[in-house]
Amino acid sequence: MSFHYKNGYLYCEDLRIKDIQQQVPSSPFYLYSLAQLEANYAAYSHALEGMDAFVGYAIKANNNLTLLKRLREMGSGAVLVSGNELQIALAAGFDARQTIFNGNGKTLDELRLAVEHNVLINVDSEFDLAHIQQAAAQLDKLADVLIRINPDVDAEVHPYVSTGIKNSKFGIRNERLDWFLAEIRNDARLNLVGVHCHLGSTIKKVRVFRDATERMVEFIRAIHAEGFRLRYLNLGGGLGIDYERTGEDIPTPRALVDSINDLLPEDITLIIEPGRSIIGDTAVFVNSVTGVKTNGSKHFIVTDGSMAELIRPSLYDAYQHIQFIEPVIGKVETYDIVGPVCESADFLGKARELPTPDEGVGLVVCDAGAYCHAMSSNYNLKMQPPEYLVDGDKLTCIRRAETLEDYLRVFDIP
Ligand code: LLP
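Cut-offs used in this document
Residues numbered from 1 in each chain as written. Predicted model: local features only at pLDDT ≥ 70, side-chain atom pairs only at ≥ 80, totals over all residues. Heavy atoms only, no water. Pairing = 2+ DSSP bridges. Helix = DSSP H or I, 4+ residues; strand = E, 2+ residues; numbered from the N terminus. Axes fitted to C-alpha atoms, helices over the stretch in contact; angles between N-to-C directions. Near = heavy atom within 4 Å. Polar contact = N/O pair within 3.5 Å; in protein donor to acceptor, adjacent residues only side chain to side chain. Areas by Shrake-Rupley, 256 points an atom, 1.4 Å probe, with all protein chains shown as cover. Nonpolar A, V, L, I, M, F, W, Y, C, P; charged D, E, K, R; others polar. Core = buried A, V, L, I, M, F, W, Y, C linked by side-chain atoms within 4.5 Å. Buried < 20%, exposed > 50% of the residue type's maximum accessible area, 1.4 Å probe, protein only. Phe/Tyr/Trp six-rings, centres within 6.5 Å; stacked < 30°, edge-to-face > 60°. Expected span 1.5 Å × (residues − 1). Parallel < 35°, antiparallel > 145°, perpendicular 65-115°, else oblique. Left-handed = near helix turned anticlockwise from the far one by under 90°. Contact = heavy atoms within 4.5 Å. Disulfide = S-S within 2.5 Å. Arc of directions from axis to C-beta. Salt bridge = Lys/Arg side-chain N within 4 Å of Asp/Glu carboxyl O.

S.K.: What am I meant to see in the sheet that holds strand S5 (residues 53-58) here?
M.R.: Sheet strands pair by backbone hydrogen bonding; their relative direction is either parallel or antiparallel. Taken in spatial order, the eight strands of this closed barrel run S5-S6-S7-S8-S9-S10-S11-S12, and their pairing is parallel. Between one strand axis and the next, the sheet turns through 30° on average, direction left out of account. Of the strand pairs in this sheet, strand S9 (residues 143-148) and strand S10 (residues 190-196) are connected by six bridges, and their pairing is parallel. Across the sheet, the residue bridging to Ala143 is Leu190, located in S10.

Structural data, given as structure tokens:
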């Protein structure tokens, strides 16, 4: 319970969020709990204890350098989707042998960087394989590759975050597997070390992972029958978290691992690539209420945070829980919580029963650690918000607020 109420005030570990809000120079901001991050990582490392396996944390979910260093210290590997993510992973000190480069549009420059640093690389398509071959040839270096396979298992999630079905833009066409194997066999610089899949995100049923594992094990057998010797089965990420807070049973990392353990072949290292389930519930997005208004039959709480800093509700119609950080005693109404950005898609939450707050009251969007700051933008010239980390009773700024000056620097054209 890293975030909890005491006497009507929301705390992050030992610190009252209202005190933090009054103490820091700007609003809105992101606030993280180190204890929660440690607990989430430990849930994976305990579940995998004694197994030949490692966790590759998906950096795309949250790329804060301090948090990456913490995860690396806990023993995590990293999953990358761009050359810049590779650079930040190196800056955070991740071991390249526990680093996997995914993506359906990796550029030659990015691939050269990956080959240079001995990162495991996923083969996503015919052209992607050709680019990996070029990168390895240009550097005259061996590249370790995994083939990204579409197990064609429906993750039963929002279509924008479903990635493992036949018509997805990711992975190879399975019927072309033999062609890929032949190409790899004929290139002395390519070393086929594994297979990869990623079914989607916000998955709430472990059966989905079991179905995919069964398919992937069949592929491993077929590839072994062709004379290759695979080392890795990478099952991707995707475990959901309890955004809705309805008391629904969300599978734990242990449940996920237990559901697939008996299927895993001997001598294979399992890789899991969680993002959301490691970082999602470690943070809240802290806002201040700018005002309250009513138009027609609708009531609105207007906050200083917006879709620019947290776009998931606008983009996916995603639900993230919203609550006040202090006692509020006004009349209870059904509110849309909206930001100041000039379009009606700008909302943080819809139809929430909340007491009417005064101006300046603190309000948080919960479970804001994954795909929130990482997806923020400068729309309406909103600046990237700062991030703070709580460790017990200690508060540290782990990303300063972006300033207009920072932003204007991109127009300094020599
Ligand atoms: N591995 C691969 C290959 C991925 O594409 C992803 C996420 C992950 C691992 C991590 O998945 P996770 O454990 O975080 O579910 N922006 C969306 C989520 C997009 C996820 C994309 N891929 C959202 O805000 O819900």
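Having seen it, we continue.
S.K.: Looking at this model, I keep getting lost on the site of the ligand. Mind explaining?
M.R.: Looking at the ligand, there are 18 residues lining it, with Ser201, Glu273, Arg312, Tyr316 and Tyr371 nearest. Contact distances for the ligand include 2.7 Å between a nitrogen atom and a side-chain N or O atom of Tyr316. For the ligand, the accessible surface in isolation is 590 Å², of which the surrounding protein chains cover 93%. Classifying every residue of the shell around the ligand gives six nonpolar, seven polar and five charged.

S.K.: Can you help me understand the sheet that holds strand S3 (residues 15-16) in this one?
M.R.: In spatial order, the strands read S1-S2-S3; together these three strands make up an open sheet with antiparallel pairing. Among the strands making up the open sheet, the edge pair consists of strand S1 (3-6) and S3. Pairing of S1 with strand S2 (residues 9-12) involves four bridges; the strand directions are antiparallel. Residue pairing for S2: His4 is matched across the bridge by Tyr11.

S.K.: Explain the nonpolar core here, please?
M.R.: One broad trend across soluble globular proteins is that nonpolar side chains are buried collectively. Judged by nonpolar contacts, the single largest core of 95 residues is most densely connected at Ile147 and Leu192. Ile20, Val286, Ile325 and Val390 belong to the second largest nonpolar core, which has 16 residues in total.

S.K.: Would you mind showing me how to read the packing of aromatic side chains here?
M.R.: Each aromatic ring pair is specified by the distance between its two centres and by the angle formed by the two planes. For the coordinates displayed, the defined rule picks out five aromatic pairs. Measuring from centroid to centroid gives 4.9 Å for Trp179 and Phe180, while their planes differ by 90°, and the two rings are edge-to-face. Residue Trp179 is classed as partly exposed on the basis of its relative accessible area, which comes to 29%. Residue Phe180 is classed as buried on the basis of its relative accessible area, which comes to 0%.

S.K.: It is not clear to me how helix H2 (residues 34-47) should be interpreted in this structure. Could you clarify?
M.R.: Helix length check: H2, at 14 residues, gives a terminal C-alpha distance of 20 Å against a target of 20 Å (1.5 Å per residue), a fit within 8%. Taken residue by residue, H2 has Leu34, Gln36, Leu37, Asn40, Tyr41, Tyr44 and Ala47 as its buried positions. The N-capping residue of H2, defined by a side-chain oxygen 3.4 Å from the backbone nitrogen of Ala35, is Ser33.

S.K.: Help me understand unusual backbone geometry in this model?
M.R.: With the exception of glycine, the majority of residues adopt a negative phi angle, and the majority of peptide bonds are in the trans configuration. With an omega of 0°, the peptide bond between Ser27 and Pro28 qualifies as cis. Topologically, Pro28 is positioned in the loop between helix H1 (17-23) and strand S4 (29-33). Here Asn118, not a glycine, exhibits a phi torsion of approximately 60°, which is positive. Following the sequence through the fold, Asn118 ends up in the loop between helix H5 (108-116) and strand S8 (120-123). Phi is positive for Asp267, close to 60°, though the residue is something other than glycine. Relative to the assigned elements, Asp267 resides in the loop between helix H9 (253-260) and strand S12 (269-272).

S.K.: Could you clarify how one ought to interpret the packing of H2 against helix H3 (residues 65-74) in this entry?
M.R.: Taken N-terminus to C-terminus, the directions of H2 and H3 make an angle of 40°; their axes are 11 Å apart at the nearest point. As judged from the angle between their axes, H2 and H3 are oblique. Considering the relative orientation of H2 and H3, their crossing is right-handed. Between H2, through Leu34, Leu37, Glu38 and Tyr41, and H3, the contact on the second element is made entirely by Leu67, Arg70, Leu71 and Met74. Of the residues contributing to the contact of H2 with H3, the split by class is six nonpolar, no polar and two charged.

S.K.: For this particular structure, what's the right way to read the pairing of strand S18 (residues 362-365)?
M.R.: Two faces, one strand: in a regular strand the side chains alternate between the faces of the sheet. By the alternation rule, side chains of S18 split into Gly362 and Val364 and Leu363 and Val365, which are all buried. Sheet topology note: the strand S13 (residues 283-295)/S18 ladder contains four bridges and is antiparallel. In the sheet register, Val286 faces S18, and the bridge partner there is Val364.

S.K.: Sorry if this is basic, but what is going on with the state of the cysteines here?
M.R.: Here a disulfide denotes a covalent bond joining the sulfur atom of one cysteine to the sulfur atom of another. Counting across every chain of the model gives zero disulfides. Cysteine Cys397 is unpaired, with the sulfur of Cys12 as its nearest cysteine sulfur at 14 Å. Accessibility expressed as a relative area gives 41% for Cys397, which makes it partly exposed.

S.K.: Please clarify how H9 should be interpreted in this entry.
M.R.: Counting along an α-helix, one turn takes 3.6 residues, and residues three or four places apart therefore face a common direction. When we look at burial in H9, the residues that qualify are Pro253, Leu256, Val257, Ser259 and Ile260. The arc enclosing the buried residues of H9, seen along the axis, measures out at 160°, which places them on a common side. Among the structural elements, H2, helix H8 (206-225) and S12 are those in contact with the buried residues of H9.

S.K.: I keep staring at the pattern of salt bridges and nothing clicks. Help me out?
M.R.: Should their charged atoms come close, side chains of opposite charge can pair. For the structure shown, the criterion picks out 22 salt bridges. With its nearest N and O atoms 3.3 Å apart, the salt bridge here joins Arg207 to Asp211. Here Arg207 and its partner Asp211 are both found in helix H8, four residues apart, which amounts to about one turn of the helix. For Arg207, a relative accessible area of 42% gives the class partly exposed. Using a relative accessible area of 28% as the deciding quantity, one classes Asp211 as partly exposed. Salt bridges linked by common partners bring Glu126, Arg173 and Arg176 together as one network.

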